[in-house]
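# Geometric and topological summary
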Amino acid sequence: MSLFKAQCAAIEKSVLGLKKDNLVMEADGSAYQSYKHERGVIDVSNDCYIGALYVDADFDLRPYFQHIV
């Protein structure tokens, strides 16, 4: 869950103009966070069932994180 929180915090810090939807927490510990931006939607999913973190976006996020690479 800490990686999920860190990823959400990085997106919120790096991608300006986001509208954050409500956080969805499932009974198994999985979490889902969605953001709306003028360029599209960003979804962050922490799937505890398979142990995976996913970030899916309607637009390329790499330009927002060039300062990290």
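Within each chain, residue numbers correspond to sequence positions counted from 1 in written order. With pLDDT at 70 or above as the cut-off, local features in this predicted model cover only qualifying residues; side-chain atom pairs require 80 or more to be listed or tallied, and sums for whole chains, interfaces and linings still use all residues. No hydrogens and no water enter the side-chain calculation; it runs on all heavy atoms of the structure.

## Section: the environment of Gln33
To keep it simple, the criterion reads: A run of H or I in DSSP counts as a helix once it spans at least four residues, and a run of E counts as a strand once it spans at least two, with each numbered from the N terminus. It only takes one pair of heavy atoms within 4.5 Å for two residues to be counted as in contact. N or O atoms within 3.5 Å of each other form a polar contact, as long as, within protein, one can give a hydrogen and the other can take it, and as long as residues adjacent in sequence are counted only when both atoms are side-chain atoms.
For Gln33, the location among the structural elements is in strand 3 (residues 31-37). As a C-alpha pair, Gln33 and Asp21 span 12 residues in sequence and 6.8 Å in three-dimensional space. In this structure Gln33 touches Phe4, Cys8, Lys20, Asp21, Asn22, Leu23, Ile42, Asp43 and Val44, once residues within four positions along its chain are discounted. At 2.5 Å, the side chain of Gln33 forms a polar contact with the backbone oxygen of Asp21.

## A few points about the packing of aromatic side chains
How we decide: Each aromatic pair joins two rings of Phe, Tyr and Trp (for Trp, the six-membered one) with centres within 6.5 Å, and gets the label stacked for planes under 30 degrees apart, edge-to-face for over 60, and tilted for any other angle. Between buried and exposed lies partly exposed: a residue is buried under 20% and exposed over 50% of the maximum accessible area for its type, with that area taken using a 1.4 Å probe on protein chains only.
In total, this model carries one aromatic pair according to the counting rule given. Judged by centre distance (6.0 Å) and plane angle (70°), the rings of Phe59 and Tyr64 are edge-to-face. Across the pair, exposure class does not vary: Phe59 and Tyr64 are buried alike.

## Considerations on the pairing of strand 4 (residues 40-47)
Basically, it comes down to this: Strands pair, by our definition, only if DSSP identifies at least two bridges between them.
The buried fraction of strand 4 amounts to six of the eight residues, a majority that puts the element mostly inside the structure. Linking strand 3 back to strand 4 in an antiparallel pair, the connection comprises two residues. Judged from the six bridges that link them, strand 4 and strand 5 (residues 52-57) form a sheet pairing that is antiparallel. Within strand 5, the residue paired with Asn46 across the bridge is Leu53. The hairpin formed by strand 4 and strand 5 contains four residues between the paired strands, and Gly51 there has a positive phi angle of roughly 70°.

## A few points about the pattern of salt bridges
Rules: Salt bridge, as used here: a side-chain nitrogen of Lys or Arg that lies within 4 Å of a carboxyl oxygen of Asp or Glu.
If you walk through the whole model with that rule in mind, you get three salt bridges. A salt bridge links Lys36 to Asp21, with the shortest nitrogen-to-oxygen separation between them at 2.9 Å. With Lys36 in strand 3 and Asp21 in the loop between strand 1 (19-20) and strand 2 (24-25), this pair connects stretches of sequence that are 15 residues apart. Classification of Asp21 as partly exposed rests on a relative accessible area of 23%. As a salt-bridge pair, Asp60 and Arg62 come within 3.0 Å of each other at their nearest N and O atoms. Since its relative accessible area comes to 65%, Arg62 is described here as exposed.

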